[in-house]
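One-letter residues, chain by chain:
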Amino acid sequence: MPISRWTAVLALFLASCSQLVSAQSTAKAVCPRPEIGSVVEEPEDLRSHNGVLEADLTANNAANPDGSLRFCFTDGAGHESPNLRVSPGDLVILHLKNALSDLASGTAPPAHVHGGPHGSKNTDPCASGVMNSVSTNLHFHGLTIPPVCHQDEVLKTSVQPGDAPFEYRFHIPDDEPPGLYWYHPHIHGFSKVPILGGASGALIVEGLERAKKAAAGLPERVLIIRDQDLINPNAPPSKSEPVVPKFLVDRDGDATNTGTGFGKPAKDLSINYVPVPYPDYPPATIQMQPGERQLWRVLNASAITYLNLAVLFNKAPQLLELVAMDGVPMTHDDPAGESTDPQTHLGLPPGARAEFIVTGPPEGQTGLLVTRTVDTGPGGENDPNRALATIVPTPTAAEPRSRLQSSPEPLPAPNQAWLGNVTPVRVRRLFFSEKLAVPDDPTSAVEFYLTVDGKEPKMFDMSSSIPDIVAQQGTVEDWIIENRSNELHAFHIHQLHFLLLDYLGKPVHENFLRDTVNVPYYNGHTLSYPAIRVRMDFRDPNTVGTFVYHCHLLEHEDKGMMGSIRVDPSPQRTDQTAQHQPANIDSPPSFTDNSHSGGQLHQ
């Protein structure tokens with residue numbers, strides 16, 4: 001063969017190799033993950049400018065060689081799961097593109113695979129209600145924004161691969177409490193997998209220092225703790241752990257609660273995507289200036305794992321100066337914002353957030369961020385003691401990119417009465433329960449229920465247009481929520497916060513509101529089921545519409561442990577709206593048109 005032909009063949013071969021390497025590199029670049037033991041990097045910040053935050057977000061996924069899946073949202077510059085930083089009153093515009101692939105086949109589904117619950121075709125992402133493994137949408141956990149399409153509606157809104165970018169457009173309420181919120185997909189029946197894969201990010205409403213003076217001027221750090229499938233599922237326990245007498249797995253293949261604080265966990269954890277895998281839990285690294293005070297904003301973005309966080313110096317718990325929970329500053333009994341709430345450990349169910357001030361270790365001494373064991377009950381997963389990150393003091397530690405204002409203007413006084421001082425219009429009772437799909441077959445699937453007392457337990461039906469509860473805007477209600485199962489559940493409701501009043505029959509005097517709380521498990525021996533009592537706040541007009549409440553353990557939510565509530569406009573508001581309607585024009589659709597569509601801190 002002539003040399004020129006050999007040269008051409010060689011060039012073609014090298015070009016093919018280059019394309020193959022490039023393709024492999026591209027595949028590896030989808031939702032990349034840091035190495036075990038890495039320094040914890042902060043997510044990129046997307047900030048509002050002139051009252052507007054506009055950004056592109058793309059939902060991506062990829063498969064690891066071991067078969068586990070990665071998911072993430074990337075911005076227009078390719079940054080993974082960026083922080084969305086906004087201020088009260090800002091306009092948020094997000095263009096969501098679905099680039100998910102069917103990883104079973106390795107290809108993306110065709111465009112516009114929408115279809116109604118009864119097989120009817122509907123290409124409108126607002127109305128299709130398509131829920132499958134490659135559908136996506138966004139839920140803005142904790143924000144008080146309307147449950148309508150293009151804002152925070154999850155019953156029908158579903159974006160498919162091949163769809164044009166879907167626009168989310170909403171205002172941050174002027175009175176939204178400053179603090180940590182988050183965004184994630186909320187596709188019913190398919191929530192657990194993308195959250196386990198990492199599809200989540202932080203949303204920060206700026207101004208916490210305006211509510212809590214102790215935070216003013218501090219550098220801040222956003223730490224997102226996620227769970228994921230075990231990297232080393234077949235590894236024996238670490239030799240440093242005591243021998244666990246039993247090892248059981250549930251029907252999902254997750255390790256069940258050993259009741260010892262040790263043993264194989266149900267899931268591994270990561271901190272800002274740095275994996276901390278079983279069995280030795282090699283910690284990530286957090287670098288701080290020696291003795292530096294920082295505000296840590298910590299999100300439990302796990303699918304099923306409870307956290308019980310502590311900071312240790314020489315094994316001794318350090319005081320964490322708590323200033324906010326679930327995005328709400330602790331200001332009810334501290335209107336001037338002078339105080340903090342010192343805690344030695346903080347319980348965070350999946351979906352919950354805590355913001356607290358940490359003082360770093362002195363030079364020459366390291367600290368350790370850990371999660372202590374959580375007793376999830378005989379039917380729960382195993383969440384044992386484990387390390388998360390070593391806190392290393394070093395004079396060369398990089399300054400966190402965000403710092404709170406040093407001389408902020410105080411927040412105005414609230415324009416509504418404290419929720420605890422408002423008389424509820426009614427008391428409702430709900431209960432968590434579980435049942436084998438085939439009662440005589442202990443190996444059959446488990447069905448999960450969240451039921452209004454007096455009704456027959458049933459799994460949540462996405463196609464039903466009949467809400468489980470109807471409430472009225474402008475009112476306040478008390479809900480007593482029982483747990484009739486033998487595992488811990490985490491109650492969460494969209495669009496609003498609530499006040500925890502009683503926990504296991506004992507009064508709780510909290511000076512903040514929550515959107516997620518633990519409901520203790522039933523041990524089979526007490527004369528009554530364990531219960532909590534919460535005060536639900538429907539006074540905000542943004543709660544008008546139909547939305548959901550559910551267990552935030554996502555495998556429970558996916559399998560039916562959810563209910564819907566419709567909040568109707570108050571008669572007074574309806575009358576005022578009618579009086580102000582312009583003549584001779586079509587009225588805008590009402591808010592209800594989309595109807596188609598821990599206990600104590602240480603627990």
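Residues numbered from 1 in each chain as written. Predicted model: local features only at pLDDT ≥ 70, side-chain atom pairs only at ≥ 80, totals over all residues. Heavy atoms only, no water.

Participant: Where do I start with the sheet that holds strand S7 (residues 166-171) in this structure?
Facilitator: Strand pairing within a sheet occurs via backbone hydrogen bonds; the two strands may be parallel or antiparallel. Read from one edge of the open sheet, 4 strands run S3-S2-S5-S7, paired in mixed fashion. Here the strands that pair on one side only, and so sit at the sheet edges, are strand S3 (69-74) and S7. Neighbour-to-neighbour, the strand axes of this sheet turn through a mean angle of 20°, independent of strand direction. By the bridge criterion, 8 bridges tie strand S2 (residues 52-63) to strand S5 (residues 91-98) in an arrangement that is parallel. What sits directly across from Ala59, in S5, is Asn98. (Pairing = 2+ DSSP bridges. Helix = DSSP H or I, 4+ residues; strand = E, 2+ residues; numbered from the N terminus. Axes fitted to C-alpha atoms, helices over the stretch in contact; angles between N-to-C directions.)

Participant: Any chance you could explain the pairing of strand S11 (residues 268-271) here in plain terms?
Facilitator: The two faces of the sheet receive side chains in turn, since in a regular strand these alternate between them. Across the two faces of S11 the burial is the same, with Asp268 and Ser270 and Leu269 and Ile271 all buried. For strand S10 (residues 219-228) and S11, the ladder comprises 4 bridges, and the chain directions are antiparallel. Across the sheet, residue Asp227 finds its bridge partner in S11, namely Leu269. Between S11 and strand S12 (residues 274-276), which follow one another and run antiparallel, lie 2 residues, and Asn272 among them has a positive phi close to 50°. (Buried < 20%, exposed > 50% of the residue type's maximum accessible area, 1.4 Å probe, protein only.)

Participant: Help me understand the nonpolar core, please; the structure alone is not making it clear to me.
Facilitator: The nonpolar side chains of a soluble globular protein tend to be buried, and buried together. By size, the foremost hydrophobic cluster in this structure holds 41 residues, and its most contacted members are Ile225, Ile271, Ile286, Trp296, Val298, Leu348 and Phe356. Take this core: its biggest share by element is 4 residues, from strand S15 (residues 307-313). In contact with Ile225, other than residues within four places in its own chain, are Leu269, Ser270, Ile271, Val298, Leu299, Asn300, Ala301, Ser302, Leu307, Leu309 and Leu388. Counting 40 residues, the second largest nonpolar core, distinct from the first, contains Val446, Ile481, Leu496 and Met561. (Core = buried A, V, L, I, M, F, W, Y, C linked by side-chain atoms within 4.5 Å. Contact = heavy atoms within 4.5 Å.)

Participant: Would you take a moment to explain the environment of Gly217 for this structure?
Facilitator: Mapped onto the fold, Gly217 is located in the loop between helix H3 (208-211) and S10. Taking C-alpha positions, Gly217 is 4.8 Å from Leu404, a pair spaced 187 residues apart along the chain. If sequence neighbours within four positions are ignored, Gly217 has contacts with Arg403, Leu404, Gln405 and Ser406.

Participant: What am I meant to see in the pairing of strand S14 (residues 293-300) here?
Facilitator: Among the 8 residues in S14, 7 count as buried, and that is most of the element. Bridge count for S10 against S14 is 6 bridges, and the pairing is parallel. Bridge pairing in S14 places Leu223 opposite Val298. Pairing between S14 and strand S21 (residues 353-359): 7 bridges, direction antiparallel. Within S21, the residue paired with Arg297 across the bridge is Glu355.

Participant: What exactly am I supposed to notice about the layout of surface pockets here?
Facilitator: Rolled over the atoms, a probe as big as a water molecule pinpoints where empty space is left. Of the volumes computed, that of the largest pocket is approximately 1200 Å³. What lines the largest pocket is a set of 41 residues, and nearest its centre among them are Asp175, Pro177, Thr331, Pro414 and Asn415. Counting only elements with at least two residues in the lining of the largest pocket, the list comes to H3 and strand S18 (328-329). Take the lining of the largest pocket: its biggest share by element is 3 residues, from H3. Among the residues forming the lining of the largest pocket, the class breakdown is 22 nonpolar, 9 polar and 10 charged. Its volume calculated, the second largest pocket comes out at about 730 Å³. Taken together, 31 residues line the second largest pocket, and the ones lying closest to its centre are Arg33, Asn64, Ser68, Leu69 and Arg70. Of the residues in the lining of the second largest pocket, the class split is 16 nonpolar, 7 polar and 8 charged. (1 Å grid on protein atoms, 1.4 Å probe; cavity = no way out; pocket = protein on both sides within 12 Å on 5 of 7 lines; lining within 4 Å. Points joined across faces, edges and corners; volume = space filled by probe spheres on them. Nonpolar A, V, L, I, M, F, W, Y, C, P; charged D, E, K, R; others polar.)

Participant: Is there a simple way to think about empty space enclosed by the protein in this case?
Facilitator: Size it by volume and the largest cavity reaches roughly 100 Å³. Considering the residues around the largest cavity, the lining is formed by 15 residues, among which Leu100, Ser135, Thr136, Pro185 and Pro194 are closest to the centre. Secondary structure elements with two or more residues in the lining of the largest cavity: S2 and S3. In terms of residue count, S3 provides more of the lining of the largest cavity than any other element does, 3 residues in total. Residues that form the lining of the largest cavity fall into these classes: 10 nonpolar, 5 polar and no charged. What the second largest cavity holds in volume is close to 30 Å³. Taken together, Pro147, Asp152, Glu153, Val154, Leu155, His494, Gln495, Thr546, Phe547 and Val548 make up the full set of residues lining the second largest cavity. Here the residues of the lining of the second largest cavity sort into 5 nonpolar, 3 polar and 2 charged.

Participant: Help me understand the environment of Glu35, please; the structure alone is not making it clear to me.
Facilitator: Positionally, Glu35 belongs in the loop between helix H1 (3-29) and strand S1 (45-47). Note on Glu35: relative accessible area 62%, which makes it exposed. When the C-alpha positions of Glu35 and Ala284 are compared, they lie 9.1 Å apart, and in sequence the two are 249 residues distant. The residues touching Glu35, leaving out its near neighbours within four places in the chain, are Val274 and Pro275.

Interpretation note: all reported values are geometric properties and have no functional meaning in isolation.
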